[in-house]
Structure formats: C-alpha cells, structure tokens
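# Working through the structure, step by step
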Amino acid sequence: IIDGKTVLFIDVYKVIEMYDPNWFIVKKEEEIGPKRVLLVEDSPFFRNMIRNYPESCGYELEVAENGKEALNILASNPSFDVIVSDIEMPEMYGFELLKTLKSDPNYKNIPVVIVTSLAGEDIKRKVFELGADGYEVKLHRDSLLRIIDELVARAGS
C-alpha cells in the first residue's frame, strides 16, 4: 500500500522471460560484457551441440576434450565464470575433475554444472555431494541455459 492505495508490483523480467527466456541473458551481456564458459566434453557431437547453447546467448566459450585438458586451460587462465562438464570422459573422469576443482582454492569458487546423458537420482545426488552447482541432462537446452545464467548472475553479485 502506497499513499493509502493498493499497488500491484509485477516482476517485469519474469514476464519477459516467460515469453523469451534468452532475453535476460542477451540483455545482461549488453550491460556487463560477455561471460566466459569452459565446456569440458569429449564427444564431438555433444561438444558442438552444447557449445552452441551458450554461444547463441552471447557467452564466450572455450572447449576442453577431457578433465586433464580443462585443468591445463584453467592453469593458464582461470578467469571462467562457469564450467560445464560431462562425466564420462577419457584421461580424467568428470567426477575426478569435479573433486579436483572443488578442493583447489584457485578454482573452488567457479560454479560447475555437470551435463550428462546419465539421468537418474543416484547420479544427481552424487554430483551434488561432490560439490557441483548444477546438473542437467545433455539435451535440455533451455534448462542448461537457465542454470548457467543463474550461476553467472549469482557469482557476479
């Protein structure tokens, strides 16, 4: 109530997001500059598919084909806003990468989203127990973008 009158407040961003979920991501990129995503995925098919999700919304993307390569990239440039990683990979399994990232003071604050074809509550529970900040099945584009955007926004505030 303002000045004795009832006033309705509407979350304009939520209304816009209902009709165009990517508007907020693109608008934010215009306001504060592009954010960086490190994608860790060994499958060329899924790597190309998943990389298009954030790139189409203005995120800058760097790609690693496995956990060891991701750690090498991070060692030379740790300024990523979010890491999106598969679980099943050669060289270094995604769970091992996640444990390494969350136990290293240089990387533990970078949000990690696990994206996998392994769906199920047991996998999801393990992912979060190991410290992941998000989990999504590979083919769910809009959900993955929403998770990335929320984690980047949370880290930036």
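The coordinates are above.
This section reports on the structure supplied with the text. (Residues numbered from 1 in each chain as written. Predicted model: local features only at pLDDT ≥ 70, side-chain atom pairs only at ≥ 80, totals over all residues. Heavy atoms only, no water.)

## Thoughts on helix α3 (residues 44-55)
Between the first and last C-alpha of α3 there are 16 Å, a value that for 12 residues agrees with the 16 Å anticipated at 1.5 Å per step. All buried positions along α3 are accounted for by F46, R47, M49, I50, Y53 and P54. (Helix = DSSP H or I, 4+ residues; strand = E, 2+ residues; numbered from the N terminus. Expected span 1.5 Å × (residues − 1). Buried < 20%, exposed > 50% of the residue type's maximum accessible area, 1.4 Å probe, protein only.)

## As for helix α4 (residues 67-76)
Of the residues making up α4, those classed as buried are G67, A70, L71, I73 and L74. Taken end-on, α4 shows its buried residues confined to a sector of 160°, consistent with a single buried face. Across α4 from its buried face, at more than 90 degrees, point the exposed residues N72, A75 and S76. Tucked inside the fold, the buried residues of α4 contact β1 (36-40), β2 (60-64), β3 (82-85) and α5 (94-103). For α4, the capping residue at the N-terminal end is N66, with a side-chain oxygen 3.0 Å from the backbone nitrogen of K68. (Arc of directions from axis to C-beta. Contact = heavy atoms within 4.5 Å. Polar contact = N/O pair within 3.5 Å; in protein donor to acceptor, adjacent residues only side chain to side chain.)

## Quick notes on the pattern of salt bridges
Throughout the structure, instances matching the rule amount to seven salt bridges. Linking K102 and D133 is a salt bridge whose minimum nitrogen-to-oxygen distance equals 2.9 Å. Linking K102 in helix α5 with D133 in the loop between α6 (121-129) and β5 (134-137), this pair joins segments that are 31 residues apart in sequence. Overall, D133 belongs to the partly exposed group, its relative accessible area being 33%. Notably, a salt bridge pairs R125 with D122, separated by 2.7 Å at the nearest N-O pair. (Salt bridge = Lys/Arg side-chain N within 4 Å of Asp/Glu carboxyl O.)

## Here's the deal with the packing of aromatic side chains
A complete count under the given rule lists two aromatic pairs for this structure. Ring geometry for F45 versus F46: centroids 5.1 Å apart, planes at 75°, classification edge-to-face. By relative accessible area, F45 is classed as exposed at 57%. Positioned above the aromatic ring of F80 is the side chain of R36, whose terminal nitrogen or guanidinium carbon lies 4.1 Å from the ring centre. (Phe/Tyr/Trp six-rings, centres within 6.5 Å; stacked < 30°, edge-to-face > 60°. Lys NZ or Arg CZ within 6 Å of the ring centre and 35° of its normal.)

## What to know about the nonpolar core
Residues L38, V40, L74, I83 and L101 are the most contacted members of the largest nonpolar core, which totals 23 residues. When contributions to this core are tallied by element, the ones reaching two or more residues are β1, α4, α5 and β4 (112-116). Not counting chain neighbours up to four residues away, the residues in contact with V40 comprise A64, N66, G67, A70, I83, V84, S85, D86, M89 and L97. In terms of nonpolar packing, the next biggest core, distinct from the first, is built from 19 residues, V37, I50, V115 and I148 among them. (Core = buried A, V, L, I, M, F, W, Y, C linked by side-chain atoms within 4.5 Å.)

## A short note on the sheet that holds β4
As summarised here, the arrangement of the five strands in space is β2-β1-β3-β4-β5, forming an open sheet in which the pairing is parallel. Here the strands that pair on one side only, and so sit at the sheet edges, are β2 and β5. Each neighbouring strand pair of the sheet contributes to a mean axis angle of 20°, computed without reference to strand direction. Examined bridge by bridge, β1 and β3 share four bridges and lie parallel to one another. Paired with V40 across the two strands is S85, which belongs to β3. Relative to the sheet, α3 contacts β1, β2 and β4, its axis offset from that of β2 by approximately 160°. Sheet strands touched by α5: β1, β3 and β4. Its angle to β4, the strand with the most contacts, is close to 175°. (Pairing = 2+ DSSP bridges. Axes fitted to C-alpha atoms, helices over the stretch in contact; angles between N-to-C directions.)

By themselves, these are just geometric observations and shouldn't be taken as functional.
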